[in-house]
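Each chain, letter by letter, is given below.
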Amino acid sequence: MTGLSIAKTAILVGGLLAASPALAADSINGNWITQDKDAIIKIGKCGDTVCGRILKYLVTPPNGVGQKDVNNPNKKLRDRKILGIAILTGFKPDGKIWRGKVYDPKSGKTYRSEVSLMSPTKLKMKGCIGPFCQGQNWTRAK
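From a predicted model like this one, the values you see are computed outputs, not experimental measurements.

J.: Looking at this model, I keep getting lost on the state of the cysteines. Mind explaining?
T.: Such a bond, covalent and formed between the sulfur atoms of two cysteines, is termed a disulfide. In the structure shown here, the tally under the stated rule is 2 disulfides. Two residues, cysteine 46 and cysteine 51, share a disulfide whose sulfurs are 1.8 Å apart. Given the relative accessible area of 5%, cysteine 51 is considered buried. What pairs with cysteine 128 in a disulfide is cysteine 133, and their sulfur atoms sit 2.1 Å apart. With the S-S bond torsion at 105 degrees, the cross-link from cysteine 128 to cysteine 133 turns out right-handed. You can call cysteine 133 partly exposed: its relative accessible area is 40%. For the protein, numbering the cysteines in disulfides from first to last along the sequence yields the connectivity 1-2, 3-4.

J.: Teacher, can you tell me more about the nonpolar core here?
T.: One broad trend across soluble globular proteins is that nonpolar side chains are buried collectively. Counting residues in each nonpolar core, the largest one holds 20 residues, and the members touching the most others are Ile41, Ile43, Ile54, Leu88 and Trp138. In this view, isoleucine 41 contacts Gly30, Asn31, Trp32, Thr34, Gly52, Arg53, Ile54, Leu55, Ile87, Leu88 and Trp138; residues no more than four positions away in its chain are not counted.

J.: Can you walk me through the side chain of serine 113 in this structure?
T.: Examined against the element boundaries, serine 113 turns out to sit in strand β6 (residues 109–119). A polar atom in the side chain of serine 113 sits 2.7 Å from the backbone oxygen of lysine 126. Filtering out sequence-adjacent residues up to four positions away, serine 113 remains in contact with Phe91, Trp98, Arg99, Gly100, Lys101, Val102, Met125 and Lys126.

J.: What's the story with unusual backbone geometry in this structure? I'm lost.
T.: Most peptide bonds take the trans configuration, and most residues that are not glycine carry a negative phi. Of note, the phi angle at lysine 37 is positive, near 55 degrees, even though the residue is not glycine. Looking at the secondary structure, you find lysine 37 in the loop between β1 (30–33) and β2 (39–46).

J.: Mind showing me how you'd approach the environment of lysine 68 here?
T.: When you line up the elements, lysine 68 lands in the loop between β3 (49–57) and β4 (86–94). For lysine 68, a relative accessible area of 35% translates into the label partly exposed. Residues lysine 68 and isoleucine 82, spaced 14 residues apart in sequence, show a C-alpha to C-alpha distance of 5.5 Å. When near neighbours in sequence (up to four residues on either side) are disregarded, lysine 68 contacts Arg78, Asp79, Arg80, Lys81 and Ile82.

J.: Even after reading the chapter, I still don't get the confidence of the model for the protein, so can you show me in this structure?
T.: Note: predicted coordinates in regions of low pLDDT should not be interpreted at a detailed level. Averaged over every residue, the pLDDT of the protein is 85; the share at 70 or more is 82%. For the protein, the element scoring lowest by mean pLDDT is helix α1 (residues 3–27), at 40; β1 scores highest, at 98. Across residues 1–26, where pLDDT falls below 50, the model places 4 contacts with residues more than four positions away in sequence or in other chains.

J.: Explain the sheet that holds β2 here, please?
T.: By way of backbone hydrogen bonds, the strands of a sheet pair with one another, either parallel or antiparallel. Ordered by their spatial adjacency, 8 strands build a closed barrel running β1-β2-β3-β4-β5-β6-β7-β8, and the pairing between neighbours is antiparallel. Neighbour-to-neighbour, the strand axes of this sheet turn through a mean angle of 35 degrees, independent of strand direction.

J.: What should I look at first to understand the layout of surface pockets in this one?
T.: Sizing a probe to match a water molecule and rolling it over the atoms shows the empty space that remains. Empty space within the largest pocket amounts to approximately 860 Å³. Asp38, Asp104, Pro105, Lys106 and Gln136 are the residues nearest the centre of the largest pocket, which is lined by 35 residues in total. Secondary structure elements with two or more residues in the lining of the largest pocket: β2, β3, β5 (97–104), β7 (122–129) and β8 (132–140). The dominant element in the lining of the largest pocket, judged by the number of residues it contributes, is β8, at 6 residues.

Cut-off values and rules
Residues numbered from 1 in each chain as written. Predicted model: local features only at pLDDT ≥ 70, side-chain atom pairs only at ≥ 80, totals over all residues. Heavy atoms only, no water. Disulfide = S-S within 2.5 Å. Buried < 20%, exposed > 50% of the residue type's maximum accessible area, 1.4 Å probe, protein only. Core = buried A, V, L, I, M, F, W, Y, C linked by side-chain atoms within 4.5 Å. Contact = heavy atoms within 4.5 Å. Helix = DSSP H or I, 4+ residues; strand = E, 2+ residues; numbered from the N terminus. Polar contact = N/O pair within 3.5 Å; in protein donor to acceptor, adjacent residues only side chain to side chain. pLDDT = per-residue confidence, 0-100. Pairing = 2+ DSSP bridges. Axes fitted to C-alpha atoms, helices over the stretch in contact; angles between N-to-C directions. 1 Å grid on protein atoms, 1.4 Å probe; cavity = no way out; pocket = protein on both sides within 12 Å on 5 of 7 lines; lining within 4 Å. Points joined across faces, edges and corners; volume = space filled by probe spheres on them.

What follows is the structure in structure tokens.
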């Protein structure tokens, strides 16, 4: 390889590495069906971070489509509808893992969370307390 070829290869590889965060940022964006197949979560940019909102119910909640966030620890938020709220918040890339918080409207609790892309159509979402995590596999909606 000539000195010029090595330089071109280095520039190309450097350009690809520099583009990786942008590609990773787009990779988790989209609509995802939860493991229980009860909702579609829309993941996308929210300011400087990424968040996920409940886009659509696939199973009607116990109190109907207008289900309120009755378990929220903040009394002021208990009258808001669950449909449309951000359950994934503050996600930022950390290598191949995205880190942020997940809110569980069923319990009213918020957990540290990790999200990683397993394939173009599979997402691993984990909620964690201390070193213990529980995960779900989500499928990209078509």
